[in-house]
Every structure is written in C-alpha cells, then in structure tokens.
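Close look at the chain arrangement
Read off the chains here:
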Amino acid sequence: MGNHPKRRKDKYNPYSIYENDGKYYISFKDGQGVLQQFEIGKELYDTFDEFELKDISYLHKWDKYIEHSQLWESTLNERAFLKPDTIEDIVLKNIETESLHKAISKLPETQKRRLLLYFFDGLTYEQIAKMEGCTKMPVKRSIDVALQKLKKEIKKT
C-alpha cells in the first residue's frame, strides 16, 4: 500500500484510503472477505480523509467525555459529590445538635446573645460591640468564656 497517515480507526470502519505515486485508492473487504482496491479521484479521497478526521475527533470525545459504564443508583451514589448521610449520621447529628442547644440555653443571657450573634449571625466582635455600646474585648472574652462552658457541658453528656 501507499502513503496514508497512520490513524486510529473505528472498528466498524470497513475501508482504508491511501495514496500511491500521485494516485488515490480505497480498499476494503467485500462480503466474501476478498480485499477490493479501487482507484478514486482526489476529491473523493479528500472527502473520505475529512470523514476519517471527524470520526477520530468523535472517538476521542467518546473516550474522554461520554459515560461507558452502566449507571445504577448505587454507582451514582458512590460518585456523588455530596453523598447522602446515613441514618446513623443523621441521628448522631441530631443528638449533637440537641446537646449543643441545651448547653447554649444554660449560658448567661449576655454570653448566649453574643455567641449566637457571632457564630450564627456571622457578626464580628466589633459589630457586636457597637450594637451593645462597648469595646470588642468584653465581647471577645464573653464569647471565649461561653465556648469554654459549652465544651465542659457537652463533655458531660
């Protein structure tokens, strides 16, 4: 055979094209498995060549981007970014949340208010201090003490 760039081909592509001494050919096996070779014009050769390039591009996209395995609910769950919590995880989180709320409810009113503003409302020490008409250090100390009390209370449970 003559010159043709070596290219990956789809297994269902039944033909090959090539050039030899300035002439263009197409070859394929017929229904009886006999190799057939025909001379074709440059325009037809270019058309087949362009088709092969598009086919290679499609094969590349298929390999790289299109799902090849069967999708089942279990395999999708394994690949999920946010995997669903198990029942045990949900129960444990609920128990921890309940313990935290009980511990927060036992704090003095000022500590509770400042802690909630800081952690749940996202305010800074400065913003809380401005709201309460004080400096940021009493707010920081109050929140630090509240956190220490929460840690001790939660360790008890």
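Computed from a predicted structure; not experimentally measured.

This part covers the overall build of the protein chain. The helix and strand inventory of the protein chain stands at six helices and three strands. When each of the 157 residues of the protein chain is scored for burial, the buried share is 20%. Sequence separation of at least 24 residues holds for 40% of the intrachain contacts in the protein chain that already meet a minimum separation of 6.

Where strand β2 (residues 23-29) lies against strand β3 (residues 35-40), six bridges are found, and the strand directions are antiparallel. Looking at β3, one finds that Ile-26 is bridged to Phe-38. Two successive antiparallel strands, β2 and β3, enclose a turn made up of five residues, where Gly-33 displays a positive phi of approximately 85°.

The terminal C-alpha atoms of helix α6 (residues 136-156), which comprises 21 residues, lie 31 Å apart, in line with the 30 Å expected from a rise of 1.5 Å per residue. Looking only at α6, the buried set comprises Val-139, Ser-142, Ile-143, Ala-146, Leu-150 and Glu-153. An end-on view of α6 places all buried positions within 95° of arc, on one side of the element. Facing away from the buried surface of α6 by more than 90 degrees, the exposed residues are Arg-141, Lys-151, Lys-152 and Lys-155. Contacts from the buried residues of α6 go to α3 (87-105), α4 (109-119) and α5 (125-132).

This brings us to helix α1 (residues 42-65). Compared with the 34 Å implied by 1.5 Å per residue over 24 residues, the 34 Å span of α1 between its first and last C-alpha is a close match. Residues of α1 that are buried include every one of Tyr-45, Asp-49, Glu-52, Asp-55 and Leu-59, and no others. On its buried face, α1 is in contact with β1 (15-20), β2 and β3.

Another point: the pattern of salt bridges. Under the counting rule described, the total for this entry stands at 10 salt bridges. Here Lys-42 and Asp-46 are joined by a salt bridge, their closest N and O atoms 2.9 Å apart. Pair noted here: Lys-42 and Asp-46 are both in helix α1, with a separation of four residues, about one helical turn. Lys-42 sits in the partly exposed class, given a relative accessible area of 43%. We note a salt bridge from Glu-126 to Lys-136, for which the minimum N-O separation is 3.3 Å. Of this pair, Glu-126 sits in helix α5 while Lys-136 sits in helix α6, and the two are 10 residues apart along the sequence. For Glu-126, a relative accessible area of 42% puts it in the partly exposed group. Overall, Lys-136 belongs to the partly exposed group, its relative accessible area being 38%. Through salt bridges that share partners, Lys-106, Glu-153 and Lys-156 make up one connected network.

Per the stated rule, a full pass over the model turns up six aromatic pairs. Plain terms: the ring middles of Tyr-15 and Phe-48 are 4.8 Å apart, the flat faces sit at 70° to each other, and that makes the pair edge-to-face. Placement of the pair is Tyr-15 in strand β1 and Phe-48 in helix α1, with a sequence separation of 33 residues. Take Tyr-15: its relative accessible area is 8%, and that puts it in the buried class.

So, how was this worked out
- Residues numbered from 1 in each chain as written.
- Predicted model: local features only at pLDDT ≥ 70, side-chain atom pairs only at ≥ 80, totals over all residues.
- Heavy atoms only, no water.
- Helix = DSSP H or I, 4+ residues; strand = E, 2+ residues; numbered from the N terminus.
- Buried < 20%, exposed > 50% of the residue type's maximum accessible area, 1.4 Å probe, protein only.
- Contact = heavy atoms within 4.5 Å.
- Pairing = 2+ DSSP bridges.
- Expected span 1.5 Å × (residues − 1).
- Arc of directions from axis to C-beta.
- Salt bridge = Lys/Arg side-chain N within 4 Å of Asp/Glu carboxyl O.
- Phe/Tyr/Trp six-rings, centres within 6.5 Å; stacked < 30°, edge-to-face > 60°.

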